[in-house]
Structures are given as C-alpha cells and as structure tokens.
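Residues per chain, in single letters:
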Amino acid sequence: MKQISEVREMRNATTVLDIIRERGRHRTGLEDVYRQLYNPDLYLRAYGRLYRNDGALTQGSTEETIDGMSLGKINAIIDQLRSERYRWTPVRRIHIPKKNGKTRPLGIPSWSDKLLQEVIRSLLEAYYEPQFSEHSHGFRPGKGCHTALIEIKKVWHGTKWFIEGDIRGCFDSLDQEILLEILAKDIHDNRFIRLIKNLLQAGYLENWRHTPTLSGSPQGSILSPILSNLYLNRLDQFVEQTLIPDYTKGARRTHNPEYDRISNRIYYLRRIGRTDEAKVLEKLRRSLPANDPHDPDYRRLYYVRYADDFLLGFAGTNREAEEIKEKLKAFIGDHLKLELSEEKTLITHASTEKARFLGYDISVTQCDTKITRNRRSVNGGIALRIPASLIDDRCRFYMKNGKPIHRKERTHETAYSITCRYQSEYRGYVQYYQLADNTAWLSKLNWVMRLSLLKTLAHKYTALSIFMKYT
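Brief notes about the packing of helix α11 (residues 257-271) against helix α12 (residues 275-285)
One way to put it is that α11 packs onto α12 with a least axis distance of 8 Å and a crossing angle of 160 degrees. Taken together, the axes of α11 and α12 lie roughly antiparallel to each other. Of the two elements, α11 crosses α12, and the hand of that crossing is left-handed. Of the residues in α12, those in contact with Tyr259, Ile262, Ser263, Arg265, Ile266, Leu269 and Arg270 of α11 are Thr275, Glu277, Ala278, Lys279, Leu281, Glu282, Leu284 and Arg285. The class makeup of the residues in the contact of α11 with α12 is seven nonpolar, two polar and six charged.

Below, the structure is given as structure tokens:
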C-alpha cells in the first residue's frame with residue numbers, strides 16, 4: 001500500500017519537476033531523489049523526448065533499441081531500481097572523424113540506459129538549471145551559441161583585451177570524485193549518488209574489449225552535458241564572485257582633458273564666427289578619445305562560457321590581463337584538476353587582433369569617420385565576423401583544382417533530394433552566421449554551391465541518358 005500511495009503521489013511528472021525546480025531556485029537540498037525514479041510518468045516523458053532521435057534505433061553494447069518499447073520494460077527498470085539491482089551496461093565506443101584528421105571517441109549506450117539517463121537528466125536539470133550562471137550558454141534550455149554571442153555584442157562595449165580559454169581534454173579529464181562531491185553537497189541521497197557513480201565507472205567496449213573509466217564523464221551519455229556544466233559551474237562562480245569584483249571598478253572613465261580643451265576652443269571659435277578654424281579643430285577632435293583610455297580608476301571584466309570554451313573581455317592593462325590568465329590557470333588546476341590548453345589560451349588585443357570564439361572572429365570596432373547624431377557611433381563596439389578561412393574551407397568541399405565540381409556520391413539520389421540537401425547545407429551556414437557583420441561574404445559560398453548543384457544534376461542526367469542509350 002505504501003508503494004501504491006508513493007506512485008500516486010508522484011504520478012504527475014510535471015508537478016514533480018516543478019517542485020524540484022522550486023527547491024533549486026531556493027537552493028534547498030534534495031532528499032529521496034532515488035525514489036522519484038519509481039515514477040512511470042517520468043519514463044513516458046523521457047520516451048517522448050527520445051523516440052524521435054535517429055540514435056534511438058542505434059544499438060549500444062547490446063542488441064536492445066527502441067523497437068519493442070513497452071510499459072513492461074519501464075516496470076522492469078523500476079523493479080530493478082527498487083531492489084538496487086540495476087546495472088549500467090558499458091557503452092559501445094566508436095570514433096568520429098574530426099576536421100584536423102584526428103578522431104573523437106563517442107560512446108553509444110543501450111536503450112534502457114538512455115531512457116533511465118533521460119529521467120535522471122530531467123531531475124538534475126530541474127534542480128540545477130535555476131542555479132547555473134547566466135553567463136553559461138552550453139547545453140542549456142533557451143540558450144546556445146547565439147545567446148552567448150549576443151551577450152558579447154550587446155554588453156562588452158569598450159573591451160581592450162580578449163582572454164580566450166580552452167580546457168585541454170575537458171570531458172575526458174573531469175575528476176569523478178570532485179563531481180560526486182558537488183552532487184552530494186546538494187543531493188542528500190546515497191542511493192542516487194551511488195547510481196551516478198556506477199554510471200561514471202561503467203566503462204566502454206571497443207573491439208569487444210571492456211575498459212573501465214576512471215575519469216571524465218561518459219562520452220555520448222545523455223547525462224554528460226549537464227554533469228560537465230555542473231562541474232564547470234565552479235569555474236563560473238570563481239569568475240563571477242572573485243575575478244569580476246577584483247577587476248571591476250569605477251562608474252565610468254574620466255574625461256580626456258585634451259578632448260575637453262579642444263571642445264571648448266571649438267565652442268569659442270563658433271561663438272565669435274571663426275567657423276573655418278572650428279571645422280579644422282573638429283577633424284582633430286575626432287582623432288582623440290572623449291574619455292581617458294588609460295584611466296587607472298576604471299576597469300571592466302566580462303565573461304561568457306560555452307561548454308569547455310570560455311572568453312573574457314577586459315578593459316585594463318595587458319599586465320592585469322596576464323594576471324587574470326594566471327589566476328584562471330591556477331584555479332582550474334588546483335580546484336578542478338584540469339589543465340588549460342596553452343596553445344589555445346591566448347590574450348588578444350581587441351582593436352588590432354581578432355579572438356576566435358564559437359566559429360566567429362570577434363574584435364572591437366574603430367572608425368573615427370562614422371558619425372551618427374553628431375557623435376562617433378562605432379568606436380568601442382563589438383564586431384562579429386565570419387572568418388575568411390571558414391569561407392575557403394566550406395568552398396573547398398564543393399571544389400576541385402579551384403573550380404566548383406559535382407558531388408558524385410549524391411548522383412544516385414533524386415533531383416529533389418539533391419536540391420534539398422544543398423539548400424539545407426547552405427541554410428545551415430546562413431542561419432548560424434546570421435549575427436555576423438559581413439554576411440555578404442557568404443555570397444562566394446552561394447555561388448560555389450549553386451554551380452556544384454548544377455553540375456551534380458547535369459552529371460546525374462548525363463550518366464542516366466548514357467545508361468538508357470546502351471540498355
């Protein structure tokens with residue numbers, strides 16, 4: 001009777017998640033989380049999120065897939081959880097090729113593991129999402145690459161230095177003991193923590209050889225994104241609670257005395273009718289900053305993170321930017337047991353160089369001749385641009401010897417399918433780079449893809465006509 005009343009009490013998954021979300025907002029600890037895994041409604045909700053995915057039919061280390069899914073399977077999982085007999089199966093590891101010629105390991109879990117992981121993910125997300133930093137944009141509902149870039153463009157005005165951060169092998173190097181310690185601080189349920197620990201250590205199968213995982217989050221796991229965000233939330237807190245207060249001061253920069261002196265002289269010359277001299281001084285004034293760019297009493301530090309990549313914008317000196325970098329390196333090494341990638345962690349001068357973040361080139365604009373409402377409207381703003389190298393790389397896929405060429409591997413498809421695929425690929429580029437200030441550069445890619453499409457269709461029907469002629 002007690003178990004029946006528990007199921008009835010937790011029947012509505014939305015209500016359960018709303019209660020957990022409210023506790024997360026108030027940062028109140030969670031208890032009896034493991035008991036929520038007995039709720040069939042949470043599994044039905046998880047099934048509704050997973051069944052559309054292409055990977056639902058992909059086998060893990062067992063032959064089990066979404067085929068044959070039933071309430072009986074859900075009840076079997078719940079029964080195993082009640083008696084703590086559920087065992088995670090090792091994921092099947094495959095290697096995905098990367099652009100640089102190397103490969104990235106990816107783990108494919110079994111279907112039952114996917115379903116249970118989605119239930120756990122929904123519980124963890126409901127609790128931790130209200131606590132995560134507003135500057136964290138990776139793998140979060142309502143956030144993404146564009147929200148991170150919009151924050152940079154709208155808020156980071158006046159940045160002098162960019163500090164580009166990249167954590168070496170982040171997801172493979174997460175310290176599992178630290179991760180479990182973070183979870184146990186808020187979730188006071190040993191059975192739930194033990195279930196997560198067993199998942200982290202389940203290991204993987206490669207060429208049917210089992211290898212245990214002693215560090216990192218499970219590659220390909222549904223839980224991996226939220227667990228990594230939970231781990232790196234400590235970095236967000238360090239930046240927001242320590243670095244930003246230490247390197248932010250002053251309400252605004254002091255006025256540039258030379259600029260003010262020339263402005264007063266211009267006003268005097270116009271008042272006495274010497275307008276030609278005033279116009280000469282106006283041109284000189286436009287070459288000077290209105291505020292003191294070296295004001296020692298003004299500092300600003302901005303921060304944004306997407307997964308294991310992060311970017312800081314700093315208005316201050318290069319020496320202070322180096323200090324910030326060293327403090328980040330020390331914190332990440334001492335408290336997170338991770339390592340910054342030296343070749344990718346750079347300090348970039350915002351006005352003369354470009355920082356690369358989420359596939360965009362980011363810099364600070366400078367143009368003394370762009371005047372709007374009698375003031376320079378461009379200086380100090382953030383420019384988001386498509387990298388020239390990206391256009392060349394994307395064009396190269398559709399070219400050979402410097403000319404657009406047909407895609408032979410697509411000629412077996414219908415004309416409609418070929419056209420749709422080209423349209424889908426180009427639309428993806430345009431939609432991702434819609435925030436760029438130089439979207440006109442995509443016209444080169446458009447031209448190359450159009451010719452490649454025409455040549456692919458021509459090759460298809462030329463080959464077909466020759467085949468029909470000789471059969």
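And the narrative resumes.
Comments concerning the packing of aromatic side chains
The full count for this structure, using the stated rule, is 17 aromatic pairs. Residues tyrosine 47 and tyrosine 51 carry aromatic rings whose centres are separated by 5.5 Å and whose planes lie at 15 degrees to one another, so their mutual orientation is stacked. Among the residues examined, tyrosine 51 registers a relative accessible area of 39% and is labelled partly exposed. Centre to centre, the rings of tyrosine 128 and phenylalanine 132 are 6.3 Å apart; their planes meet at 15 degrees, and the pair counts as stacked. The residues tyrosine 128 and phenylalanine 132 share a single accessibility class, namely buried. What links up through ring pairs into an aromatic cluster is the set Tyr47, Tyr51 and Trp111. For arginine 82, the ring lying beneath its charged end belongs to tyrosine 38, and the centroid distance is 4.4 Å.

Brief notes about a positive patch on the surface
Residues Lys98, Lys102, Arg104 and Lys344 make up a contiguous surface patch of positive charge. Along the chain, the position of lysine 344 falls in the loop between α13 (318-335) and β10 (346-349). By relative accessible area, lysine 344 is classed as partly exposed at 49%.

Looking at unusual backbone geometry
Here the phi dihedral of aspartate 32 falls at roughly 55 degrees; this positive angle occurs in a residue that is not glycine. Located in the positive-phi region is glutamate 84, a residue other than glycine, with phi close to 55 degrees.

Let's talk about the confidence of the model for the protein
When pLDDT is low, close inspection of the predicted coordinates is not appropriate. Summary statistics for the protein give a mean pLDDT of 88 and a share of 94% for residues scoring 70 or more. pLDDT under 50 marks residues 1-9. Its contacts with residues more than four places away, or in other chains, come to seven contacts.

Let's talk about the sheet that holds strand β2 (residues 91-97)
One open sheet holds the four strands; their spatial order is β3-β2-β6-β7, and the pairing between them is mixed. Both outer strands of the open sheet, β3 (103-108) and β7 (209-211), are each paired with one neighbouring strand and no more. Averaged over neighbouring strand pairs, the angle between their axes works out to 40 degrees when direction is ignored. For strand β6 (residues 204-206) and β7, the ladder comprises three bridges, and the chain directions are antiparallel. Note on β7: the bridge partner recorded for leucine 205 is histidine 210.

Details of the sheet that holds strand β11 (residues 355-357)
Read across the sheet, three strands follow the order β11-β12-β15 without closing on themselves; strand pairing throughout is antiparallel. Of all the strands in the sheet, the pair left with one neighbour each is β11 and β15 (382-385). When the angles between neighbouring strand axes are averaged without regard to direction, this sheet yields 30 degrees. In terms of strand pairing, β11 meets strand β12 (residues 360-364) through three bridges, oriented antiparallel. Across the sheet, alanine 355 pairs through a bridge with isoleucine 362, a residue of β12. Strand contacts of helix α6 (residues 145-155): β11, β12 and β15, with the helix running at about 145 degrees to β15, the strand carrying the most contacts.

Reading the values: the criteria
- For every chain, the first residue of the written sequence is number 1, and numbering continues from 1 along that sequence.
- Reporting of local features is limited, given that this is a predicted model, to residues whose pLDDT is at least 70; pairs of side-chain atoms are given and counted only at 80 or more, and all residues count toward the totals for whole chains, interfaces and linings.
- The side-chain values count all of the structure's non-hydrogen atoms but skip hydrogen atoms and water molecules.
- The angle between two axes is taken between their N-to-C directions and runs from 0 to 180 degrees, where each axis is a line fitted to C-alpha atoms and a helix contributes only its stretch in contact.
- Labels follow the DSSP assignment, with helices taken as runs of H or I lasting at least four residues and strands as runs of E lasting at least two, numbered in each case from the N terminus.
- Each angle is binned into one of four classes, with values under 35 degrees roughly parallel, values over 145 roughly antiparallel, values of 65 to 115 roughly perpendicular, and all other values oblique.
- Throughout, a crossing is termed right-handed when the near helix is turned clockwise from the far one, and left-handed when it is turned anticlockwise from it by less than a right angle.
- The contact rule is simple, with two residues in contact once any of their heavy atoms fall within 4.5 Å.
- Under the scheme applied, nonpolar residues are Ala, Val, Leu, Ile, Met, Phe, Trp, Tyr, Cys and Pro; charged residues are Asp, Glu, Lys and Arg; polar residues are all the others, including Gly.
- Aromatic rings from Phe, Tyr and Trp, taking only the six-membered ring of Trp, are treated as a pair when their centres fall within 6.5 Å; an angle between ring planes under 30 degrees marks them as stacked, one over 60 as edge-to-face, and anything in between as tilted.
- Relative accessible area decides the class of each residue, using a 1.4 Å probe on protein chains only: under 20% of the type maximum gives buried, over 50% gives exposed, and in between gives partly exposed.
- Look at NZ for Lys and CZ for Arg. If either is within 6 Å of the ring centre and within 35 degrees of the ring normal, a charge sits over the ring.
- Patches were defined on residues exceeding 30% relative accessible area and lacking a salt bridge, with like-charge contacts within 9 Å and nonpolar side-chain contacts (Val, Leu, Ile, Met, Phe, Trp, Tyr) within 5 Å.
- Surface exposure here means Shrake-Rupley accessible area, sampled with a 1.4 Å probe, where a residue is shielded only by the protein chains that are shown.
- Criterion for a salt bridge: a side-chain nitrogen of Lys or Arg within 4 Å of a carboxyl oxygen of Asp or Glu.
- Positive: Lys, Arg. Negative: Asp, Glu. His and the chain ends are not part of the count.
- The location of each charge is read from NZ of Lys, CZ of Arg, CG of Asp or CD of Glu.
- Each residue carries a pLDDT score, the predictor's own confidence in it, on a scale running from 0 to 100.
- Only strands joined by at least two bridges in the DSSP assignment are considered to pair.

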